[in-house]
Amino acid sequence: MCELKQKRQKTSALYFLDEITNASSGKHVVMFLDYDGTLSPIVDNPDLAYMSDAMRETVRKLASCFPTAIVTGRCIDKVYDFVKLAELSYAGSHGMDIKCPSKHKKGVVFQPANDFLPMIDKRGKGEFFS
């Protein structure tokens, strides 16, 4: 089996670092990472999906090289409690809550679903579709 085919059977992007580096030359690289199953193990109780200190340090180093964001179905507050890295961006609730790093304590918060909350509330009360 040729070496390239063996490399492609691996799942880690690190096996393709040279190819990735060449393809990204002259481009702005941004890292988007999922939390559950990527930065933490999949566990039976999601409240126990802790990120290891080694993983946290790796993500911290990554964020010092590239803008880095955690994208998750969890709410921002919950995933931030697990990750605890203020220099990252967080997209929680599948992108409905976005927090970017800022010098201000709260950071920059973007909540695109806010305009639709009245409609969601109506639907939840059975008023939207009858």
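Scroll up to find the structure this text is about.
Remember, it's a predicted structure, so these values are computed and weren't measured experimentally.

Criteria and thresholds
- Residues numbered from 1 in each chain as written.
- Predicted model: local features only at pLDDT ≥ 70, side-chain atom pairs only at ≥ 80, totals over all residues.
- Heavy atoms only, no water.
- Helix = DSSP H or I, 4+ residues; strand = E, 2+ residues; numbered from the N terminus.
- Contact = heavy atoms within 4.5 Å.
- Buried < 20%, exposed > 50% of the residue type's maximum accessible area, 1.4 Å probe, protein only.
- Arc of directions from axis to C-beta.
- Pairing = 2+ DSSP bridges.
- Expected span 1.5 Å × (residues − 1).
- Phe/Tyr/Trp six-rings, centres within 6.5 Å; stacked < 30°, edge-to-face > 60°.
- Lys NZ or Arg CZ within 6 Å of the ring centre and 35° of its normal.

**Student:** Sorry, what's going on with the environment of Met31 here?
**Tutor:** On the secondary structure map, Met31 appears in strand β1 (residues 31–34). For the pair Met31 and Ala63, spaced 32 residues apart in sequence, the C-alpha separation works out to 8.2 Å. The residues touching Met31, leaving out its near neighbours within four places in the chain, are Leu62, Phe66, Pro67, Thr68 and Ala69.

**Student:** Mind showing me how you'd approach helix α4 (residues 76–83) here?
**Tutor:** An α-helical turn contains 3.6 residues, so any two residues separated by three or four positions project in the same direction. All buried positions along α4 are accounted for by Ile76, Val79, Phe82 and Val83. Buried residues of α4, seen end-on, are gathered within an arc of 130° and therefore sit on one face of the element. Tucked inside the fold, the buried residues of α4 contact α3 (53–65), β2 (68–71), β3 (89–92) and β4 (97–100). Of the residues flanking the end of α4, it is Lys84, one or two places downstream, whose phi is positive at about 60°.

**Student:** Help me understand the pairing of β4 in this model?
**Tutor:** For a regular strand, the rule is simple: side chains alternate between the two faces of the sheet. Burial along β4 is one-sided: Asp97 and Lys99 are buried, and none of Ile98 and Cys100, which face the opposite way, are. Of the pairings in the sheet, the one linking β3 to β4 comprises three bridges and is antiparallel in character. By the bridge assignment for β4, Ala91 is matched with Ile98. From the end of β3 to the start of β4, which pair antiparallel, there are four residues, and Ser93 there has a positive phi angle of about 50°.

**Student:** Please clarify how α3 should be interpreted in this entry.
**Tutor:** Relative to the 18 Å expected for 13 residues at 1.5 Å per residue, α3 spans 19 Å between its end C-alpha atoms, a close match to the ideal helical length. Within α3, the full set of buried residues consists of Arg56, Val59 and Ala63. An end-on view of α3 places all buried positions within 65° of arc, on one side of the element. Structural note: α3 exposes Ala54, Lys61, Ser64 and Cys65 on the side pointing more than 90 degrees away from its buried face. On its buried face, α3 is in contact with β1, β2 and α4.

**Student:** I keep staring at unusual backbone geometry and nothing clicks. Help me out?
**Tutor:** Most peptide bonds take the trans form, and the phi angle of most residues other than glycine is negative. Even without being a glycine, Lys84 presents a positive backbone phi close to 60°. As for its placement among the helices and strands, Lys84 is situated in the loop between α4 and β3. Among the residues examined, Lys84 registers a relative accessible area of 55% and is labelled exposed. Phi angles above zero are rare outside glycine, and Ser93 is one such case at about 50°.

**Student:** In this structure, what is going on with the packing of aromatic side chains? I would like to understand it.
**Tutor:** For any pair of aromatic rings, geometry is given as the distance between the ring centres together with the angle between the planes. Inspection of every chain in the model, using the stated rule, returns three aromatic pairs. Seen in terms of ring centroids, Tyr35 and Phe82 are 5.4 Å apart; in terms of plane orientation they differ by 5°. Their pairing is stacked. Placement of the pair is Tyr35 in the loop between β1 and α3 and Phe82 in helix α4, with a sequence separation of 47 residues. Ring geometry for Tyr80 versus Tyr90: centroids 5.3 Å apart, planes at 70°, classification edge-to-face. One end of the pair, Tyr80, is in helix α4; the other, Tyr90, is in strand β3, and 10 residues separate them in sequence. Cluster of aromatic residues (ring-pair linked, three or more members): Tyr35, Tyr50 and Phe82. Across the ring face of Tyr80, the terminal group of Lys99 is positioned such that the distance to the ring centre comes to 5.6 Å.

So, to be careful, I would describe these as geometric facts and stop short of saying anything about function.
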